[in-house]
Amino acid sequence: MTTPLAHYLILATMLFCIGLTGALVRRNAVLVLIGLELMLNAANLNFIAFWRFGPHPEKMAGLMFVLFSIAIGAAEAAIGLALVIAIYRHRRTAQLDRFNSLKG
């Protein structure tokens with residue numbers, strides 16, 4: 001028994017909505033980065049689902065997209081956390097509403 005494509009798409013939509021809500025509502029920079037990672041993982045789930053249920057699942061195009069996306073996500077997380085740490089050392093806060101100035 002296989003799970004139909006619609007179930008994967010519904011799960012990816014829920015993950016994306018949770019990540020979008022987390023990225024828009026949260027005030028902490030680290031939690032915003034977590035929301036962005038959830039959205040990226042939802043896109044990866046869509047890539048895998050469409051690859052698996054596509055006309056040629058023996059081709060590895062979907063997996064290549066996902067591996068590339070995971071590499072981009074890892075780089076994004078590393079750079080984002082480095083920026084948050086640098087700003088925290090200077091401003092002593094990770095709250096996004098206090099990052100109102102680039103000067104100083």
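Note that the structure is predicted; figures quoted are calculated from it, not measured.

**Some points on the environment of L96**
Then, in step 1: With respect to the helices and strands, L96 occurs in the segment after helix 3 (61-91).
Then, in step 2: For L96, a relative accessible area of 33% corresponds to the partly exposed category.
Then, in step 3: Expressed as a C-alpha distance, the spacing of L96 and V84, which sit 12 residues apart in the sequence, is 9.8 Å.
Then, in step 4: Once you skip the residues sitting within four places of it in the chain, L96 turns out to touch R26, R27, N28, A29 and V32.

**Comments concerning the packing of aromatic side chains**
Then, in step 1: What the rule picks out here adds up to 2 aromatic pairs.
Then, in step 2: Their ring planes at 45° and their centres at 5.9 Å tell us that Y8 and F53 sit as a pair that is tilted. Here the residue Y8 occupies a position in helix 1 (residues 5-25), and F53 occupies one in the loop between helix 2 (29-52) and helix 3, the gap between them amounting to 45 residues.
Then, in step 3: With a relative accessible area of 34%, F53 lands in the partly exposed category.
Then, in step 4: Seen in terms of ring centroids, F47 and F65 are 5.3 Å apart; in terms of plane orientation they differ by 10°. Their pairing is stacked.

**Some thoughts on the confidence of the model for the protein**
Then, in step 1: Taken residue by residue, the protein gives an average pLDDT of 88. The fraction at 70 or more is 94%.
Then, in step 2: Within the protein, helix 3 has the poorest average pLDDT of any element, 88, and helix 1 the best, 95.

**Regarding helix 3**
Then, in step 1: A rise of 1.5 Å per residue sets the reference length of helix 3, with its 31 residues, at 45 Å; its end C-alpha atoms lie 44 Å apart and thus fit the reference within 8%.
Then, in step 2: Among all positions in helix 3, only G62, V66, S69, G73, G80 and V84 are buried.
Then, in step 3: Looking one or two residues past helix 3, R92 carries a phi angle of roughly 60°, positive in sign.

**A word on unusual backbone geometry**
Then, in step 1: Non-glycine residue R92 carries a positive phi angle of around 60°.
Then, in step 2: You can see R92 is positioned in the segment after helix 3.
Then, in step 3: Assessed through its relative accessible area of 60%, R92 is described here as exposed.

**Details of helix 2**
Then, in step 1: The terminal C-alpha atoms of helix 2, which comprises 24 residues, lie 35 Å apart, in line with the 34 Å expected from a rise of 1.5 Å per residue.
Then, in step 2: For helix 2, every residue scored as buried is listed here: A29, V32, L33, G35, M39, A42, N44, A49 and W51.
Then, in step 3: Those residues of helix 2 hidden inside the fold are in contact with helix 1 and helix 3.
Then, in step 4: The residue sitting at the N-terminus of helix 2 and contributing the capping side-chain oxygen is N28; that oxygen lies 3.2 Å from the backbone nitrogen of V30.

**Digging into the environment of T21**
Then, in step 1: By secondary structure assignment, the location of T21 is in helix 1.
Then, in step 2: Exposure remark for T21: the relative accessible area of 46% places this residue in the partly exposed category.
Then, in step 3: For the pair T21 and M39, spaced 18 residues apart in the sequence, the C-alpha separation amounts to 9.9 Å.
Then, in step 4: One polar contact links the side chain of T21 to the main-chain carbonyl oxygen of C17, over a distance of 2.8 Å.

Analysis parameters
Residues numbered from 1 in each chain as written. Predicted model: local features only at pLDDT ≥ 70, side-chain atom pairs only at ≥ 80, totals over all residues. Heavy atoms only, no water. Helix = DSSP H or I, 4+ residues; strand = E, 2+ residues; numbered from the N terminus. Buried < 20%, exposed > 50% of the residue type's maximum accessible area, 1.4 Å probe, protein only. Contact = heavy atoms within 4.5 Å. Phe/Tyr/Trp six-rings, centres within 6.5 Å; stacked < 30°, edge-to-face > 60°. pLDDT = per-residue confidence, 0-100. Expected span 1.5 Å × (residues − 1). Polar contact = N/O pair within 3.5 Å; in protein donor to acceptor, adjacent residues only side chain to side chain.

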